[in-house]
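# Notes for the structure review
What follows is the residue order along each chain.
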Amino acid sequence: TETYNEAARAWQLVMAEMDSALAGSGGNNSGKARSAALSAFYGAQQRFYNTLLTAMQMPSILADMKAQLGKGNSILLQIVNTNEATLGRALASKATEENLDLENLDLSPKDALLQYVDNSFPTTKWEPVADADGNVRWEPVRDAQGNLVDDPAAVEAKLKLLDKLALLKMPSNPLEMVTDIFGAENVAEVTGRGKRIVNKVQKDGTTKRVLETNRGVAQRRVEADEFQEGKRRILVFSDAGGTGFSYHASRKAKNQQRRIHYLVQAGWRADQAVQGMGRSHRTDQASAPFYVLASTDIRGHQRFISTIARRLAELGALTGGERKAAERGLFTEENNLENDYAEDAVFKLFVDLRNGQVDGLDFQDVSRMLGYVKTTIDPETGELKTTNTLIGEGGTLNVDKVPSIQQFLNRVLVLEVAEQNHVFDAFMDRMRKRIANAKADGSYDPGTQTLK
């Protein structure tokens, strides 16, 4: 919880500094500049939290894996991200060193945050430009050669942020956790990454971190075969290993142990999630797999579960004519938050927040933490003024600016755990009431159903 809170505080600091930089440079006065800055910010934030939450699941998963291996079962881990790009950047940053220190390479989710600040933090200076009719619009400042001019204060804020964020402590990459604990020689990896860092036992008995390269299709096939032969009892696969491979307890394979299949990362595509689950559940198998859906008790994690739950439900209705056909009992109705009832619940939540009807939550505080408060320059006086973008004329809630369910689920991740769970519980309470009312008045839409 403290690790997650530290990450949330870091993102809120970056958000505040971003708003301050955009205000000082005039960028907040341009809707185009602010929109571009927020798009890059929330894209990086989603990648960060997807990786962080996956890493935070691992201690429980690793403990359960040990127990399952002790019971004579074999393990499958289904993931989406291998973090190969993070490894590539980490290696590139050390490339100038004579002795490459693999022990101290940082492969944690922090990379997504640092990459955002380094490459996408807004530093461009903006200025008001009046047209022939006297209408003022804000444009980026360019020098005599046509190059964009940076705002010195924004550049300084960016450098200070990088220094602060470098001290963050984040959990390691999930793939490295598995190979470090169980040994790379015991883990078959069928992913698309071409290199990885593993621990190797030296002749003198010591352990050394080494870089394995050229992990192509042939290597993936060899390790998959070794899993089926029982030489390795753990197999990790991503989308690259989700088609063309079979990992089930085939009667023709030496390894007929029951497969314990962990859906560590559901991803964004329902067809790929189902395809991956089908690798362990096939015809002529000695035993059926046992599926384990990994999650955390951080409410915002529902954001990643919800997308795949909705798409699995849609896939089931499209392919089988029955909405639960593809869900396989892994998900419940409450896992699917991307529907009209959830949309109504978000709107009701913000209406109640504005009216002070949500215990323990302040409308202005929630708006600020979710990124709906901005600071702009008054073109006439040059003074800074702060506005809440959710408030319209007359101080009433601007209904057109209330976030959609997808935007709400994205932004709630930046709250610390206690605040996040409080906001999410308030939202869920309103969604349940909305569904209950719909069922009571006969308007509830349960989707395609089979009537008997």
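Residues numbered from 1 in each chain as written. Predicted model: local features only at pLDDT ≥ 70, side-chain atom pairs only at ≥ 80, totals over all residues. Heavy atoms only, no water.

In this section: the overall build of the protein chain. Of regular secondary structure, the protein chain possesses 13 helices and eleven strands. A total of 452 residues make up the protein chain; the buried ones form 48% of that total. Across the protein chain, the fraction of contacts at a sequence separation of at least 24, relative to all contacts at a separation of at least 6, is 72%. Working note: accessible area of the protein chain is about 22,000 Å², and carbon and sulfur atoms make up 48% of it. (Helix = DSSP H or I, 4+ residues; strand = E, 2+ residues; numbered from the N terminus. Buried < 20%, exposed > 50% of the residue type's maximum accessible area, 1.4 Å probe, protein only. Contact = heavy atoms within 4.5 Å. Areas by Shrake-Rupley, 256 points an atom, 1.4 Å probe, with all protein chains shown as cover.)

Moving on to the nonpolar core. If you look at the biggest cluster of nonpolar residues, it comprises 67 residues, and the most contacted ones within it are Tyr-49, Phe-350, Phe-408 and Phe-427. Listed by contribution, the elements that provide at least two residues to this core are α1 (2–25), α2 (31–70), α4 (110–120), α5 (152–165), α10 (340–354), α11 (363–369), α12 (405–411) and α13 (417–440). Looking at this core, the element that brings in the most residues is α1, giving ten residues. Here Phe-408 is in contact with Val-346, Leu-349, Phe-350, Pro-403, Val-423 and Phe-427, once residues within four sequence places are set aside. (Core = buried A, V, L, I, M, F, W, Y, C linked by side-chain atoms within 4.5 Å.)

A few words now on empty space enclosed by the protein. By the definition in use, this model includes three cavities of 30 Å³ or more. There is about 120 Å³ of room inside the largest cavity. Around the largest cavity, the lining is made up of 14 residues, and of these Asn-50, Val-264, Gln-265, Ala-266 and Phe-304 lie nearest the centre. Those elements giving two or more residues to the lining of the largest cavity turn out to be α2 and α9 (302–320). Among the elements that line the lining of the largest cavity, the one with the most residues is α2, at three residues. (1 Å grid on protein atoms, 1.4 Å probe; cavity = no way out; pocket = protein on both sides within 12 Å on 5 of 7 lines; lining within 4 Å. Points joined across faces, edges and corners; volume = space filled by probe spheres on them.)

What follows concerns the sheet that holds strand β7 (residues 234–237). Pairing within the open sheet is parallel, and its five strands lie in the order β4-β7-β1-β8-β9. Of all strands in the sheet, those with a lone pairing partner are β4 (187–190) and β9 (290–293), marking the two edges. In this sheet, neighbouring strand axes are inclined to one another by 20° on average, regardless of whether the strands run parallel or antiparallel. In terms of strand pairing, strand β1 (residues 74–78) meets β7 through four bridges, oriented parallel. Its bridge partner being in β7, Gln-78 is matched across the sheet by Phe-237. Relative to β4, helix α7 (residues 217–229) is tilted by about 135°, and along the sheet it contacts β1, β4, β7 and β8 (259–263). (Pairing = 2+ DSSP bridges. Axes fitted to C-alpha atoms, helices over the stretch in contact; angles between N-to-C directions.)

Now for the pattern of salt bridges. Scanning all chains against the criterion turns up 18 salt bridges. For Glu-2, the salt bridge identified is with Arg-9, shortest N-O distance 2.5 Å. Overall, the relative accessible area of 49% leaves Glu-2 in the partly exposed class. In this structure, Arg-137 engages Glu-139 in a salt bridge whose closest nitrogen and oxygen atoms are separated by 2.7 Å. When salt bridges that share partners are traced, they join Glu-2, Arg-9 and Glu-416 into one network. (Salt bridge = Lys/Arg side-chain N within 4 Å of Asp/Glu carboxyl O.)

Our next topic: α5. Over its 14 residues, α5 runs 20 Å from end to end, which matches the ideal 20 Å to within 8%, given 1.5 Å per residue. Along α5, the positions that sit buried rather than exposed are Ala-154, Ala-157, Lys-158, Leu-161, Leu-162 and Leu-165. Buried positions in α5, seen along its axis, are confined to an arc of 140° and lie on one side of it. Turned more than 90 degrees off the buried face of α5, the exposed positions are Pro-152, Lys-160 and Asp-163. Looking at the buried positions of α5, the neighbouring elements they touch are α1 and α4. (Expected span 1.5 Å × (residues − 1). Arc of directions from axis to C-beta.)

With respect to the helices, strands and loops of the structure, Leu-211 is situated in strand β6 (residues 207–212). For Leu-211, a relative accessible area of 33% gives the class partly exposed. As for Leu-211 and Ile-197, which are separated by 14 residues in sequence, their C-alpha atoms are 4.6 Å apart.

What follows is about the confidence of the model for the protein chain. Regions with low pLDDT should not have their predicted coordinates read in detail. Summary statistics for the protein chain give a mean pLDDT of 84 and a share of 87% for residues scoring 70 or more. Per-element averaging of pLDDT across the protein chain places α9 at the bottom with 64 and β1 at the top with 95. Counting interchain partners and residues more than four positions distant, the pLDDT-below-50 stretch residues 317–328 has 23 contacts. (pLDDT = per-residue confidence, 0-100.)

Turning our eyes to something else, we now look at the packing of aromatic side chains. Within this structure, the stated rule accounts for 13 aromatic pairs. On the numbers, 5.2 Å between centres and 80° between planes, the contact of Trp-11 with Phe-41 is edge-to-face. One end of the pair, Trp-11, is in helix α1; the other, Phe-41, is in helix α2, with 30 residues separating them in the sequence. There is no split in this pair, since Trp-11 and Phe-41 are both buried. For the ring pair Trp-11 and Phe-48, a centre distance of 5.5 Å and an interplane angle of 65° mean the geometry is edge-to-face. Of this pair, Trp-11 sits in helix α1 while Phe-48 sits in helix α2, placing them 37 residues apart in sequence. Of the two residues examined, Trp-11 and Phe-48, each falls in the buried class. (Phe/Tyr/Trp six-rings, centres within 6.5 Å; stacked < 30°, edge-to-face > 60°.)

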